[in-house]
Amino acid sequence: MTTAHGDVQTPAFMPVGTQGAVKAVTHRDLESLGAEILLSNTYHLYLRPGADLIARRGGLHAFMGWSRPILTDSGGYQVFSLAARRTIDEDGARFRSHLDGSEHLLTPENVADIQAKLGSDVAMVFDECVAHPAEADAVRKSMERTLRWARRARERFVALQSGQVRDVIVTNPGQAQFGIVQGGVYPDLREESARGTVALGFEAYAIGGLSVGEPNETMYNVVGQTTPYLPDDRPRYLMGAGTPEDLVEAVARGVDLFDCVLPTRNARNGQLFTSEGVLNIKNARYAEDERPPDPACGCYTCRTYSRAYLRHLFHAKEMGASTLNTLHNLHFYLDTLSRIRDAIAFGRFEHFRLAFRQDLSRRLLDS
Ligand SMILES: [Zn+2]
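Keep in mind that this is a model prediction, so the values were computed, not measured. (Residues numbered from 1 in each chain as written. Predicted model: local features only at pLDDT ≥ 70, side-chain atom pairs only at ≥ 80, totals over all residues. Heavy atoms only, no water.)

Engineer: I tried to follow the environment of L210 on my own but got confused; where do I start?
Structural biologist: Within the fold, L210 resides in the loop between β11 (204–207) and α9 (216–226). Separated by 32 residues in sequence, L210 and G242 place their C-alpha atoms 9.7 Å apart. Ignoring anything within four residues of it in the chain, the contact list for L210 reads G184, R190, M219, V222, V223, L238 and M239. (Helix = DSSP H or I, 4+ residues; strand = E, 2+ residues; numbered from the N terminus. Contact = heavy atoms within 4.5 Å.)

Next comes the structure, spelled out in structure tokens:
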């Protein structure tokens with residue numbers, strides 16, 4: 001994938017930097033882990049410190065000191081998660097800030113404006129998310145609204161990028177905009193959404209509304225039923241997924257781009273993803289365990305520290321616990337994607353996938 005701030009090898013995993021920072025680690029760490037692109041959250045940056053402030057500082061790359069690609073989500077999912085604090089109508093979503101209770105309106109147009117000010121390399125359209133499970137009627141209504149919003153968002157984006165919007169500072173003239181396919185777990189709605197979104201002519205496309213509590217197999221099926229309707233020559237982005245297994249299975253179904261809070265959030269809770277399965281570093285059994293978290297891992301944490309020491313840091317509530325655990329988990333995710341890319345390049349992806357699955361079932365039997 002080529003962006004205004006450089007190329008990204010796909011399939012790729014994007015560490016999540018909600019507030020313009022990946023929690024507990026520095027950009028230097030991310031660069032040495034080989035992260036080629038970050039995700040940041042429009043909703044959070046819009047509320048604090050504000051998109052105008054970031055635009056005056058030259059855009060998000062300059063503001064946060066990160067020169068590689070950035071994707072910003074649209075805020076749709078965050079607003080949806082506010083539940084009782086928001087109302088959604090055809091115009092957009094009205095909500096109260098989780099910070100100070102102030103009232104805001106996000107529309108397809110002003111979300112495009114906010115992202116133009118932030119200057120991310122990839123801007124996502126503002127979409128409507130529905131809860132899972134939901135009846136087909138409700139999902140259809142929401143999917144159709146998302147399509148109408150996508151048309152408005154695209155028109156605004158084109159106007160912004162062609163210099164027709166005078167009062168918005170466009171900080172990245174090379175920004176791309178991705179459309180989002182919705183439609184819940186209903187194959188016919190997914191197809192309709194994909195066809196309608198592709199017809200609007202975005203730079204690339206995402207699959208939204210998954211990884212919201214549906215069973216794994218359902219997610220895999222929906223992904224497999226959606227990607228055939230998305231162009232082969234554009235990256236496909238599965239939003240918000242998932243576990244390492246989810247990533248492998250989604251790649252098998254044609255997905256190129258991922259983001260997820262699991263590696264970073266779980267790291268801060270003491271949960272490490274390893275080649276031997278999930279390891280809870282807080283457990284008493286590791287109190288005097290001299291082994292690294294993952295003997296097969298070459299990350300800084302595993303090369304330097306024992307489970308015993310990491311367990312101690314966690315219980316002592318040392319900040320370093322979050323940092324070292326995050327370094328390991330991000331390394332595990334980024335390394336998994338790197339191995340997937342190698343396997344694809346050597347025509348051995350199916351073999352890799354099978355071996356990954358066998359390891360997984362063996363671990364489940366062990367535990
Ligand atoms: Zn490690």
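Engineer: Can you help me understand the coordination of the zinc ion in this one?
Structural biologist: Where a metal carries four tetrahedral donors, each ideal angle is 109.5 degrees; where it carries six octahedral donors, the ideal angles are 90 or 180 degrees. Taken together, the protein ligands of the zinc ion are C297 (SG), C299 (SG), C302 (SG) and H328 (ND1), with distances of 2.1 to 2.3 Å. Coordination at the zinc ion is tetrahedral, judged from the four donor atoms that bind it and the angles of 101 to 116° they form at the metal. Between consecutive donor residues of the zinc ion, the sequence gaps follow C-x1-C-x2-C-x25-H. You can see C299 sitting in the loop between β15 (277–280) and α12 (300–304) and its partner H328 sitting in helix α14 (residues 319–345), a full 29 residues away along the chain. For C299, a relative accessible area of 3% translates into the label buried. (Donors = N, O, S within 2.8 Å, 3.2 Å for Na, K, Ca; no water. Tetrahedral: all angles 85-135°; square planar, octahedral: opposite > 155°, others 65-115°. Buried < 20%, exposed > 50% of the residue type's maximum accessible area, 1.4 Å probe, protein only.)

Engineer: Got a minute to help me understand the packing of helix α10 (residues 244–252) against α14 in this structure?
Structural biologist: When two helices pack together, their arrangement is captured by the angle between the axes and the distance separating the axes. Running from N to C, α10 and α14 cross one another at 25°; their axes reach a closest spacing of 11 Å. In terms of axis orientation, α10 runs roughly parallel to α14. Note on packing geometry: the crossing formed by α10 with α14 is right-handed. Counted together, P244, L247, V248 and V251 of α10 and F332, Y333, L337, I340 and I344 of α14 form the full contact between these two elements. Residue composition of the contact of α10 with α14, by class: nine nonpolar, no polar and no charged. (Axes fitted to C-alpha atoms, helices over the stretch in contact; angles between N-to-C directions. Parallel < 35°, antiparallel > 145°, perpendicular 65-115°, else oblique. Left-handed = near helix turned anticlockwise from the far one by under 90°. Nonpolar A, V, L, I, M, F, W, Y, C, P; charged D, E, K, R; others polar.)

Engineer: Sorry, what's going on with the side chain of E128 here?
Structural biologist: Secondary-structure assignment places E128 in the loop between β9 (122–124) and α7 (136–161). In this structure E128 comes out as buried when scored by relative accessible area, which is 12%. In contact with E128, other than residues within four places in its own chain, are I88, S142, R145, T146, W149 and Q182.

Engineer: Mind showing me how you'd approach the pattern of salt bridges here?
Structural biologist: Under the criterion given, the structure shown has 23 salt bridges. Between R152 and D91 there is a salt bridge, and its shortest N-O distance comes to 3.7 Å. Here R152, found in helix α7, pairs with D91, found in the loop between β6 (86–88) and β7 (93–96); they are 61 residues apart in sequence, far enough to count as distant. Note that E144 and R140 form a salt bridge whose closest N and O atoms lie 2.8 Å from each other. Taken as a pair, E144 and R140 lie in helix α7 at a separation of four residues, close to a single helical turn. A relative accessible area of 27% means that R140 is categorised as partly exposed. Among the charged side chains, a salt-bridge network with shared partners connects E249, R253, E350, R353 and R357. (Salt bridge = Lys/Arg side-chain N within 4 Å of Asp/Glu carboxyl O.)

Engineer: Help me understand the nonpolar core in this model?
Structural biologist: The nonpolar side chains of a soluble globular protein tend to be buried with one another. Judged by nonpolar contacts, the single largest core of 88 residues is most densely connected at F13, L71, M124, F178, Y237, L238 and F258. Counting residues per element, this core draws most heavily on α14, which supplies ten residues. What Y237 contacts, discounting residues up to four positions off in sequence, is M14, L39, L71, M124, F178, Y205, A206, I207, V255, L257, F258 and D259. Core analysis: the second largest hydrophobic core is formed by six residues, A116, L160, V165 and V168 among them. (Core = buried A, V, L, I, M, F, W, Y, C linked by side-chain atoms within 4.5 Å.)

Engineer: Explain the sheet that holds strand β10 (residues 176–181) to me, please; I cannot follow it from the model alone.
Structural biologist: Sheet strands pair by backbone hydrogen bonding; their relative direction is either parallel or antiparallel. Ordered by their spatial adjacency, eight strands build an open sheet running β3-β13-β12-β11-β10-β9-β5-β4, and the pairing between neighbours is parallel. Taken across any chain shown, the strands that pair with only one partner, and hence form the sheet edges, are β3 (12–14) and β4 (38–40). Between one strand axis and the next, the sheet turns by 25° as a mean value, whatever way the strands run. Across two bridges, the pairing between strand β5 (residues 70–72) and β9 is parallel. Bridging across to β9, T72 finds its partner in A123. (Pairing = 2+ DSSP bridges.)

Engineer: What exactly am I supposed to notice about the packing of aromatic side chains here?
Structural biologist: Applying the stated criterion to the full structure yields ten aromatic pairs. Here the aromatic rings of F13 and Y333 are separated by 4.9 Å at their centres, their planes lie at 55°, and the arrangement is tilted. With a gap of 320 residues between them, F13 in strand β3 and Y333 in helix α14 connect regions that are remote in the sequence. Comparing F13 with Y333 shows no difference in burial state: the two are buried. Ring geometry for F202 versus Y205: centroids 6.2 Å apart, planes at 90°, classification edge-to-face. The pair formed by F202 and Y205 is uniform in burial state, with each residue classed as buried. Following the ring pairs from residue to residue traces out a cluster consisting of F13, F273 and Y333. (Phe/Tyr/Trp six-rings, centres within 6.5 Å; stacked < 30°, edge-to-face > 60°.)

Honestly, it's all geometry; don't read function into it.
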